[in-house]
Amino acid sequence: MSFCIAAWFGNLTVKNKNRLGLLVKTASKLSGRWQDGLLAIYNRNVLRKAHSIINCVNHPHTLMPLSGLAQVMASTQRWPEKGWALLQLLLVASASSAEETVCRRRGDPEKPLLSKNGDIILGGVFSFHEHNAMLIIPKCLSQLSLNFRDLQFAQAMLFAIEEINNSTDLLPVVTLGYKIYDDCGSDARSAGVTLALANGNEIVSVPSKTPCTRPAHVQAIIGATSSSTTRAVSTVIGPFFIPVISYFATCACLSDKTKYPSFLRTIPSDYYQSRALAHLVKYFGWTWVGAIRTNSDYGNNGMATFTETAQQLGICLEYSVSFFRTDPSAKIQRIIDIIKASTSKVIVTFLARADFHVLLREFSYHNLSGYQWIGSETWIFDSRTAEMDTHHILDGAIGLSIPKAHVTGLREFVLNEKPLNSSNNELECTGHEDMTGVQNSFIDMSLMPLFNNVYKGVYAVAHALHNILSCNKTCNKNVQLDPFTVLQHIRKIHFTTKEGDEVHFDENGDPAAKYDIINWQPKENGVVEFVTVGLYNPSLVQEKQLNLQNKYLIWARNSKQVPVSVCSEKCPPGTRKVLQKGRPVCCYDCIRCAEGEISNVTDSITCVRCLPEFWSNERRDACIKKEVVFLSYEDIMGALLTAASLFGACMTIGVILIFFKYRKTPIVRANNSELSFLLLFSLILCFLCSLTFIGQPSDWSCMFRHVAFGITFVLCISCLLGKTMVVLMAFRATRPGSNVKKWFGQTQQRLCVTAFTLIQVNICIIWLTTSPPFPFKNFKEIKDKITLECALGSVVGFWAVLGYIGLLAILCFIFAFLARKLPDNFNEAKFITFSMLIFCAVWITFVPSYVSSPGKFSVAVEIFAILASSFGLLICIFIPKCYIILMKPEKNTKKYMMGKKAPNSL
C-alpha cells in the first residue's frame, strides 16, 4: 500500500489530496490510533526509494546526475517541491530490474575538501567559499573567494578530533576520522554534500537483485554555518536520523523536532536573542525604532520574534525592511531613502554578515552616521565588519554575542598548521609555512566563542560514542553503530569541557542561552574595541535577566548620553496619552487630565478620578483633600448673621424692659399684656434659634435647629393669633346680648396658644422619631469642596412644620385684616396685619431661594428668613408702642386709647 501511495499520490490534485488527508484523520480518530498523513507517507517512501536509486550504480535509467539536482534545487527557493518531483521520476524509473553487480552514486562523485580515515567517521559541512549570486553549478571552488572564518571553524573541528584521538580517557583505542565538505553557502549544494556524507562515494559490489543500501557513512555531521543551509542539511538528513550539530545556525525554526528530528546545536536559539534585543531596546527607553533584516530564515524568523516581543513591551517599528546580498542596487537605495526619511534614531538589525557588509559599503558612501545600531551575534563582535567600517558609522553600536570563551591549544594548533589533506588540492599546505607573521582573518582569534561551539559539538558526539561503546580503558568495537542510537545518546549527554563549560541539550536540541552585551568603543588609533558591558541570562527571574553597566557605554558619535528615539515625548504626570489617528500606538498626544482626575505616573493612558472627599491639585498629579465648607462664625456672612441675631435678641429684651417698666400703663395693659410678654419671649427665641444654623453641623444641632425653629415660630404666631382674636372678639362682645367675651378670656387665650404650640410639638416629635435631620456631606454642590449641611431626613416632616407655621400665619393675617378698621385710637390689629404681610412675603420668597441656593448659602437664606420675619414682627407690633411710651406719654392714657381717632393720630 505504501508503494501505491508513493506511485500515484503525487499525481492527484490538491483538492483530492486534501480529501484523502481528511479521510485518514477521521479513520485515526475512529480507530483511536494515530496514523501518519498521506503526504508524510508519500515523502518518506519517495525519499527512501530515491536514496536507494541515487546510491545504486547499476540502475539502468540514468535520469540526471546530482549536479542537475543541485541546479533544479537552486533555481528556486522552493527547492523541496521540485526535488520531490524529481525524486518521483526517479521512483518511476526504478521499476525496472537491475542486473549489474556494482553500486555507485549517480553523477559525478563529490569528494570531500578535507578528509582523514578513522574507526568512526564524522562529517563536516562548512562554507569555505562565499558567493554573491545564487549558485547553480556544483563546482564553486575555483570561482569564489576563500572564507577564512569557516576555515577556522574547520580547524576547530580538526583540533577537537585530534585532541580526542590523543586522549586516553575519552574513546581510548578508537580513532575518529572526518570528511569535510564545502557547501559554498548554497542551500542546493548543502543538500548534495549531505547525501555524499550519508552515502559515501566508494564503489560497492553487491549480489544481483540486492538493493544498493548500506549503513550511514558518517555517525554525525558538524555544520552548517548559516540557518538556511542548515535547514537544507537537516531536511535531507532528518529522515535518516543522522545527528546534525550546528555551531552557528540560530534560527528558532530549527527547534521544531517534527521537521528537523535529528538537529541539535551548541549556539542558543534566536528565540532568546530576539527577546533579549527587544528587552535591551526597552531598557534604554527606545520606543520608536527601525529594523533591517536578512531575507532568509535567519533574518525573517529572528525579526518576527523581535517584533512580537517588541509589541508586547510597547515598542513600535517605524519601518521594517528585508535585504539579501543579491538584491539590485535600487533596493539598497530604497532602504537608504527610508532610513533618511525616518524620525527614529535606533536601527535594529538581524543581518547575516555577508549581507551587512554589502549594506555597510553603501551606508558609508551615503554617510549614514548618527544612528544607534543594535546588532545580532553575526556581526556585533566580528573584526572583519569593524575593519570595513572606515567611516565609523557603527561606532557606539550595541548588541548580543556569544559569551567569551577560550579553547586552550587552538591558537597554537592553527599557527603550527600541518599539511592539510585536501582531496582536490584547493587547501593544501606544505607544513613549512610560518603563520606567526601573517595578518589576516585566518589567525584572528576574535571568534573564539564560535570555535568553542564547534569544539563542544565534536566532544558531544565523542561522549555519546564513548557511552555507546561502553568505553573504560578500552572500547567495545564490536558494537554495531547506527545514527539513531548516536542521536539518542547525544540528546542525553551532560558533561563539562576542560575549560569548565557545561554541555547539554534540552528537548528541542538547544543549549542553555546566555549572551554577552557588546559595545563598539573606538580608541584613539581608530581601532574599535568590543567591550563587554553587560550580560543577558534568560534562565534568571525576569527582573535579573538583563544586567548592564551603563557608565561604561559609548553611544553613536562617541556620545556619553543615551540617545533618544521616540515617536512622541513621554506624557508627564497630570496628563494622559491619546493615540494619534492612523499612527502606531507609540505616537500620541498628551492631554491634560480633567478636573477631579489625576495621573501620577509618566505615560499614563488614563486619568484616575479622585475619591469623593478628594480633588485634583493644580498640576493634576495628586489628589488633595477637599476643603470642608459650612456657615461658620468666622465667615463674614456668618458673623453678620450672628450679629443681626444677637442685635434682634437684645432689641427684644430692651422692649421687654420698657414694657416691664411701664406695665401699669394703658398701652401695655391693652390687649392682654401677658400675651405681649409671651410674644416678646418667643421673639427672643426666634432670634436666638437662628444661631443654631451657624457652625459645623452635628446630629444634635441638625435636629435641634429645625425643631427650635418650628416650635418658637408657632409660639410666636400663636400669640399673635390670640391677640388678633381677642381684639376682634372684644369689639363683638360689646354688642347687646353677646356672650362671646366669656369664651375669650385670658384662660382661653392661654389654652389657645398652648394647643397651637402642642400641635407643632407633636409634628416635630413624629418627624424626629421617623426620619430626623442628620449631618450630610454634599459633594455635588461645589465640585472642589465638601459642603457640610443638614439633610432634612423626612422632607414631608420639614414641609409639615413649615406648612403649619404658614397656616397659622394666614389665619392670623385674616383675623388681623378683619379687625383693622375697629374704632380705636390705637388699633393693634392693623400693625399685626402689616407684620403678617411682611412675614408671609418673606417666607413665600424663602421657598425658591432656599431650593436654588447652593451649599452654605441655603442655610444663610433660611437664617435671613428667620431674622427678617422676626424683625418684621418686632418692629411692626412693638416699636409703635415703645414710641408712644417713650416719646408721646400724653397718649398713653385710657381715655385716649378708648377715644375715637383724631384726624392726625397715629
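Residues numbered from 1 in each chain as written. Predicted model: local features only at pLDDT ≥ 70, side-chain atom pairs only at ≥ 80, totals over all residues. Heavy atoms only, no water.

1. Concerning the overall build of the protein chain
Part 1 of the argument: The number of helices and strands found in the protein chain is 25 helices and 27 strands.
Part 2 of the argument: Considering only contacts in the protein chain between residues 6 or more positions apart, those separated by 24 or more positions represent 72%.
Part 3 of the argument: About 42700 Å² of surface is accessible on the protein chain, with carbon and sulfur atoms providing 58% of the total. (Helix = DSSP H or I, 4+ residues; strand = E, 2+ residues; numbered from the N terminus. Contact = heavy atoms within 4.5 Å. Areas by Shrake-Rupley, 256 points an atom, 1.4 Å probe, with all protein chains shown as cover.)

2. Observations regarding the UniProt feature "transmembrane region" (unreviewed entry) in the protein chain
Part 1 of the argument: Under the local residue numbering, the UniProt record ascribes the feature "transmembrane region" (unreviewed entry) to residues 636-662, 674-695, 707-731, 751-770, 796-819, 831-851 and 863-886.
Part 2 of the argument: The span residues 831-851 shows a helical share of 100% and a strand share of 0%, and its end C-alpha atoms are spaced 31 Å apart. (UniProt positions renumbered as here; feature names shortened; annotations may be inferred.)

3. Some points on the environment of Ser835
Part 1 of the argument: One can find Ser835 in helix α23 (residues 828-852).
Part 2 of the argument: Exposure remark for Ser835: the relative accessible area of 1% places this residue in the buried category.
Part 3 of the argument: C-alpha separation for the pair Ser835 and Ile877, spaced 42 residues apart in sequence, amounts to 7.1 Å.
Part 4 of the argument: Those residues within four positions of Ser835 in sequence are excluded, and the remaining contacts are Gly872, Leu873, Cys876 and Ile877. (Buried < 20%, exposed > 50% of the residue type's maximum accessible area, 1.4 Å probe, protein only.)

4. Overview of the sheet that holds strand β11 (residues 346-350)
Part 1 of the argument: Reading across from one edge, β10-β9-β11-β12-β13-β16-β17-β18 is the order of the 8 strands in this open sheet, with mixed pairing throughout. Looking along the sheet, the strands with just one partner apiece sit at the ends: β10 (316-323) and β18 (546-548). The average undirected angle you get between the axes of adjacent strands in this sheet is 25°.
Part 2 of the argument: Taken together, the 4 bridges between strand β13 (residues 398-401) and strand β16 (residues 515-522) define a ladder with antiparallel strand orientation. In the strand pairing of β16, Ile398 is matched with Asn519.
Part 3 of the argument: Strands in contact with helix α10 (residues 297-312) are β9 (288-294), β10 and β11; relative to β9, the strand with the most contacts, it is inclined by about 160°.
Part 4 of the argument: Against the sheet, helix α11 (residues 329-341) contacts β9, β10 and β11, and its axis sits at roughly 165° relative to β10. (Pairing = 2+ DSSP bridges. Axes fitted to C-alpha atoms, helices over the stretch in contact; angles between N-to-C directions.)

5. Quick notes on helix α17 (residues 636-661)
Part 1 of the argument: Here α17 is 26 residues long and its end C-alpha atoms lie 37 Å apart, about the 38 Å a rise of 1.5 Å per residue gives.
Part 2 of the argument: Where α17 is concerned, the buried positions are Gly638, Leu641, Thr642, Ser645, Gly648, Ala649, Thr652, Val655 and Phe659.
Part 3 of the argument: Where α17 is buried, its residues touch α18 (666-669), α19 (673-689) and α24 (856-887). (Expected span 1.5 Å × (residues − 1).)

6. Examining the nonpolar core
Part 1 of the argument: In this structure, Met157, Ile292, Phe363, Trp373 and Trp520 are the most contacted members of the largest nonpolar core, which totals 120 residues.
Part 2 of the argument: Broken down by element, this core gets its largest block of residues, 13 residues, from helix α15 (residues 448-468). (Core = buried A, V, L, I, M, F, W, Y, C linked by side-chain atoms within 4.5 Å.)

7. Brief notes about the pattern of salt bridges
Part 1 of the argument: On inspection of all chains with the given rule, the structure shows 18 salt bridges.
Part 2 of the argument: Notably, a salt bridge pairs Arg265 with Asp510, separated by 2.7 Å at the nearest N-O pair. Pair noted here: Arg265 is in strand β8 (residues 263-265) and Asp510 is in the loop between β15 (502-504) and β16, with a separation of 245 residues, a long-range link. Of the two residues examined, Arg265 and Asp510, each falls in the buried class. (Salt bridge = Lys/Arg side-chain N within 4 Å of Asp/Glu carboxyl O.)

8. Digging into the state of the cysteines
Two cysteines whose sulfur atoms are joined by a covalent bond form what is called a disulfide.
Part 1 of the argument: A complete count under the given rule lists 8 disulfides for this structure.
Part 2 of the argument: Disulfide pairing places Cys316 opposite Cys586 at an S-S distance of 2.1 Å. Taking the torsion about the S-S bond as the criterion, the Cys316 to Cys586 disulfide, at about 90°, is right-handed. With a gap of 270 residues between them, Cys316 in strand β10 and Cys586 in the loop between β19 (575-579) and β20 (588-592) connect regions that are remote in the sequence. (Disulfide = S-S within 2.5 Å.)

9. A closer look at helix α21 (residues 746-770)
Part 1 of the argument: Taking 1.5 Å per residue as the helical rise, α21 with its 25 residues ought to reach 36 Å, and the 36 Å between its terminal C-alpha atoms agrees with that figure.
Part 2 of the argument: Within α21 the residues assigned to the buried category are Gln749, Cys752, Val753, Thr757, Gln760, Cys764 and Trp767.

10. As for the side chain of Ser401
Part 1 of the argument: Mapped onto the elements, Ser401 comes out in strand β13.
Part 2 of the argument: In this view, Ser401 contacts Glu377, Ile380, Phe381, Lys514, Tyr515, Asp516 and Ile518; residues no more than four positions away in its chain are not counted.

11. What to know about unusual backbone geometry
Part 1 of the argument: For the bond running from Gly223 to Ala224, omega is -5°, close enough to zero to count as cis.
Part 2 of the argument: Relative to the helices and strands, Ala224 resides in the loop between β6 (221-222) and α8 (227-237).
Part 3 of the argument: For Ser470, which is not glycine, the phi dihedral falls at a positive 50°.
Part 4 of the argument: Locating Ser470 in the fold gives a position in the loop between α15 and α16 (483-492).
Part 5 of the argument: A relative accessible area of 56% means that Ser470 is categorised as exposed.

12. Description of the packing of helix α6 (residues 148-165) against α15
Part 1 of the argument: Orientation of α6 relative to α15, taken along the N-to-C sense of each, is 40°, at an axis distance of 8 Å. Classed by the angle they form, the pair α6 and α15 counts as oblique. Classified by chirality, the crossing of α15 by α6 is right-handed. Residues Gln152, Phe153, Ala156, Met157, Phe159, Ala160, Ile161, Glu163 and Ile164 of α6 pack against Leu450, Phe451, Val454, Tyr455, Val458, Tyr459 and Ala462 of α15.
Part 2 of the argument: When the residues that make up the contact of α6 with α15 are grouped by side-chain class, the tally is 14 nonpolar, 1 polar and 1 charged. (Parallel < 35°, antiparallel > 145°, perpendicular 65-115°, else oblique. Left-handed = near helix turned anticlockwise from the far one by under 90°. Nonpolar A, V, L, I, M, F, W, Y, C, P; charged D, E, K, R; others polar.)

13. A closer look at the pairing of β11
Part 1 of the argument: For β11, the buried fraction is high: 5 of the 5 residues fall into the buried class.
Part 2 of the argument: In β11, alternate side chains face the same way, and those of Val346, Val348 and Phe350 on one face and Ile347 and Thr349 on the other are all buried.
Part 3 of the argument: Handedness of the crossover joining β11 and strand β12 (residues 372-375) through helix α12 (residues 353-365) is recorded here as right-handed. (Right-handed = clockwise from strand over helix to strand, strands pointing away.)

14. Brief notes about the packing of aromatic side chains
Each aromatic ring pair is described using two quantities: the centre-to-centre distance and the angle formed by the ring planes.
Part 1 of the argument: In total, this model carries 32 aromatic pairs according to the counting rule given.
Part 2 of the argument: These aromatic residues form a ring-pair network of at least three members: Phe126, Phe128, Phe153, Tyr247, Phe248 and Phe451.
Part 3 of the argument: Across from the ring centre of Phe614, 5.2 Å away, lies the NZ or CZ of Lys625, which sits over that ring.
Part 4 of the argument: The residue whose ring lies beneath Arg663 is Phe660, and the NZ or CZ to ring-centre distance is 4.3 Å. (Phe/Tyr/Trp six-rings, centres within 6.5 Å; stacked < 30°, edge-to-face > 60°. Lys NZ or Arg CZ within 6 Å of the ring centre and 35° of its normal.)

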